[in-house]
Amino acid sequence: MTIDINIKKIGAEVLYIKSDYIYYLQINYISEIITQMFLCMNNNNGIGLASSQIGFLKRMFIYLNVNKLHIVLNEICINPVFFYKSFDSYVDYEGCLSVFNFNGLVKRFIKIGVYYHNFNFKLIKNYLFKINSRIVQHEIDHLNGILFISRLCNIRVIKYII
């Protein structure tokens, strides 16, 4: 079964709505959606994709996790919740598949702790640093109806990418 998945672009109402939690009984229902999300993310050269970006308002996202050995792993995060945010933060450029061709400076925590369920609905406790931390914070913002452009440090420092 193939689901027609299109990334919603800035201005689409669904991007500004907070997503609902996923319950254990819904896991089989979302397996095909997750497969299609990975295909969509990869086809668009993304490093993360929240379900709300495809119009599916459930608390779930996928991302490419680069570990200490520089091995890239496909991660699925269901119902993520922060349990830790470092005092230290840093500013770096971010982009978004829903805000195509624009990057801007966003301040994010260097280290975060997140509880989430994996695809088997096993509860995971994970600490994330730097780029992985940034990606997860960005995707959780999507689940809360927030786009990165709402967090820009300086509106004048925006890159247009051709």
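If you're wondering where the values come from, they're calculated on a predicted model, not measured in any experiment.

What counts, and at which threshold
Residues numbered from 1 in each chain as written. Predicted model: local features only at pLDDT ≥ 70, side-chain atom pairs only at ≥ 80, totals over all residues. Heavy atoms only, no water. Helix = DSSP H or I, 4+ residues; strand = E, 2+ residues; numbered from the N terminus. Rg over C-alpha atoms; globule rule 2.2 N^0.38 Å. Buried < 20%, exposed > 50% of the residue type's maximum accessible area, 1.4 Å probe, protein only. Contact = heavy atoms within 4.5 Å. Areas by Shrake-Rupley, 256 points an atom, 1.4 Å probe, with all protein chains shown as cover. Lys, Arg positive; Asp, Glu negative; His and termini not counted. Charge placed at Lys NZ, Arg CZ, Asp CG, Glu CD. Pairing = 2+ DSSP bridges. Axes fitted to C-alpha atoms, helices over the stretch in contact; angles between N-to-C directions.

**Regarding the overall build of the chain**
Across its full length, the chain carries two helices and eight strands. Listed by position from the N terminus, the elements making up the chain come as α-β-β-β-β-β-β-β-α-β. Over its C-alpha atoms the chain spans a radius of gyration of 15 Å, differing by no more than 12% from the 15 Å that the globule rule assigns to 162 residues. Dimensions along the principal axes, computed over C-alpha positions, put the chain at roughly 45 × 30 × 30 Å. By the burial criterion, 47% of the 162 residues in the chain qualify as buried. A fraction of 66% describes how many contacts in the chain between residues 6 or more apart in sequence connect residues 24 or more apart. Looking at the chain as shown, the accessible area adds up to about 9100 Å², and 56% of this sits on carbon and sulfur atoms. One way to put it: in the chain the 17 positive side-chain charges average out to a point 8 Å from where the 10 negative ones average out.

**Side note on the pairing of strand β7 (residues 123–129)**
The two faces of β7 differ: Ile124, Asn126 and Leu128 on one face are buried, but Leu123, Lys125, Tyr127 and Phe129 on the other face are not. In terms of strand pairing, strand β6 (residues 111–117) meets β7 through seven bridges, oriented antiparallel. The residue of β7 that forms the bridge with Val114 is Asn126. Once β6 ends, the chain turns through five residues before running back antiparallel as β7, passing Phe121 with a positive phi of about 65°.

**Quick word on the sheet that holds strand β1 (residues 48–50)**
Sheets are built from strands paired through backbone hydrogen bonds, the pairs being either parallel or antiparallel. Across the sheet, which stays open at both edges, the five strands sit in the order β1-β2-β3-β6-β7 with antiparallel pairing between neighbours. Both outer strands of the open sheet, β1 and β7, are each paired with one neighbouring strand and no more. Between one strand axis and the next, the sheet turns by 45° as a mean value, whatever way the strands run. Where strand β2 (residues 60–66) and strand β3 (residues 72–85) come together, seven bridges link them in antiparallel fashion. In the sheet register, Asn65 faces β3, and the bridge partner there is Leu73. Along the sheet, helix α1 (residues 27–43) contacts β1, β2 and β3; its crossing angle with β2, the most-contacted strand, is approximately 50°. Where helix α2 (residues 130–143) meets the sheet, its contacts fall on β1, β2, β3, β6 and β7, and the angle it forms with β2 comes to roughly 170°.

**Looking at the pairing of β2**
With six of its seven residues buried, β2 lies for the most part within the structure. When β1 meets β2, the two strands line up antiparallel, connected through three bridges. Note that in β2 the partner of Gly48 across the bridge is Tyr63.

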